[in-house]
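Structural features, examined
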Amino acid sequence: MSRTGALDLGSGVGGKIEKKDVQSAVEQYEKYHACYGGNEETRKNNYSDLVNKYYDLATSFYEYGWGESFHFADRWNGESLRESIKRHEHFLALQLGLKRGMKVLDVGCGIGGPLREIARFSSTSITGLNNNEYQIGRGRILFDAIYAIEATCHAPDALGCYKEIYRVLKPGQHFAAYEWCMTESFDPNNENHQKIKAEIELGNGLPEIRTTAQCLDAVKKAGFEVIWEKDLAVDSPVPWYLPLDTSRFSLSSFRLTAVGRFLTRSLVKTLEAVGLAPAGSQRVSSFLEKAAEGLVEGGRKEVFTPMYFFLVQKPRQ
């Protein structure tokens, strides 16, 4: 998991957005969310702009703090974060039965970290699809297997997204995914639970966070047969949110610790002040930290999971 340096972090904020327009883009992004007067309907109606702005603004921070694979993982005792992330990716390949010669689709491939790892591990040919390209469009290629790692949560319509995946999957073949979901413990009438949900949505470019039951219902309605499904966070010996928990210290994940985050804040402030990072960079850093707080709290209270897993099959025709 290669990581970018300080100058890469500063110059990368904003992605394809013109540097002079970054602060305006941050303001527009924030306004989609409840704490800035936005609502779920607005986020869904403008999900493409929401997701594009989010990844343009946040990707350099992800690479700096996390590496090339932007996802969580269940983790064993004595296992490093890097090892757990690779195992999490290999698990998908094994569940799908990937092998040489298969045509595989990665839905929401990010910068391609998991895609490259799974391709090396399984010797398969994998096509990557960007996070905002959920409508697979007029594609007529049929795939031997499809997977999504914490990506289809950005789609405003889970059923529509799963239907497109169903359409381009060969009959009898499998789709596997890790989904971001609110768990059965989530109470929509609990203000603290709603606050956690809103913080995660703000800091992660999400139109809404569906429940595990809603995801399962959508994948069934899309036509898939469920092989098995489970929240893998439940049995994880080491909490998935541990890398974001500022009460813990880790040299291997130093940039994610309280000290590491303080240094990153100071770095971003300095880079912005001297013009090496665009105006608005500190605000991006701020809402990402708020998201981290929501993720940790959601994990502790067991109302949120980033690894609701399901393996489903398209019926043979």
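By the naming in an unreviewed UniProt entry, the protein chain goes by SAM-dependent methyltransferase Erg6/SMT-type domain-containing protein and is assigned to Spirodela intermedia. In its Sequence similarities (unreviewed entry) section, the UniProt record describing the protein chain reads: "Belongs to the class I-like SAM-binding methyltransferase superfamily. Erg6/SMT family."

What to know about the pattern of salt bridges
Applying the stated criterion to the full structure yields 20 salt bridges. Among the salt bridges present, the one from arginine 43 reaches glutamate 201, with a minimum N-O distance of 3.3 Å. Here glutamate 201 lies in helix 8 (residues 191–204) and arginine 43 lies in helix 3 (residues 40–45), a separation of 158 residues in the sequence. Judged on exposure class, the residue arginine 43 and its partner glutamate 201 are both buried.

Concerning the packing of helix 4 (residues 47–65) against helix 11 (residues 281–300)
For the pair helix 4 and helix 11, the least separation of the axes is 10 Å and the interaxial angle reads 80 degrees. Taken as axis vectors, helix 4 and helix 11 run roughly perpendicular relative to one another. Contacts between helix 4 and helix 11 pair Tyr54, Leu57, Ala58 and Phe61 from the former with Ser281, Val284, Ser285, Phe287 and Leu288 from the latter.

Points about helix 9 (residues 212–221)
By the burial criterion, the buried members of helix 9 are Thr212, Cys215, Leu216, Ala218 and Val219. Along helix 9, the residues classed as buried sweep out an arc of 160 degrees about the axis, all on the same side. Residues of helix 9 that are exposed and point more than 90 degrees away from the buried face comprise Ala213 and Lys221. Tucked into the core, helix 9 has its buried residues touching helix 7 (158–167), strand 4 (169–182), strand 5 (225–231) and strand 6 (304–313). In the stretch just after helix 9, glycine 223 is the one whose phi turns positive, near 115 degrees.

With respect to helix 7
Those residues of helix 7 not exposed but buried are Ala158, Gly160, Cys161, Tyr162, Glu164 and Ile165. Sitting at the head of helix 7, aspartate 157 places a side-chain oxygen 3.3 Å from the backbone nitrogen of leucine 159.

Rules and cut-offs
- Residues numbered from 1 in each chain as written.
- Predicted model: local features only at pLDDT ≥ 70, side-chain atom pairs only at ≥ 80, totals over all residues.
- Heavy atoms only, no water.
- UniProt positions renumbered as here; feature names shortened; annotations may be inferred.
- Salt bridge = Lys/Arg side-chain N within 4 Å of Asp/Glu carboxyl O.
- Helix = DSSP H or I, 4+ residues; strand = E, 2+ residues; numbered from the N terminus.
- Buried < 20%, exposed > 50% of the residue type's maximum accessible area, 1.4 Å probe, protein only.
- Axes fitted to C-alpha atoms, helices over the stretch in contact; angles between N-to-C directions.
- Parallel < 35°, antiparallel > 145°, perpendicular 65-115°, else oblique.
- Contact = heavy atoms within 4.5 Å.
- Arc of directions from axis to C-beta.
- Polar contact = N/O pair within 3.5 Å; in protein donor to acceptor, adjacent residues only side chain to side chain.

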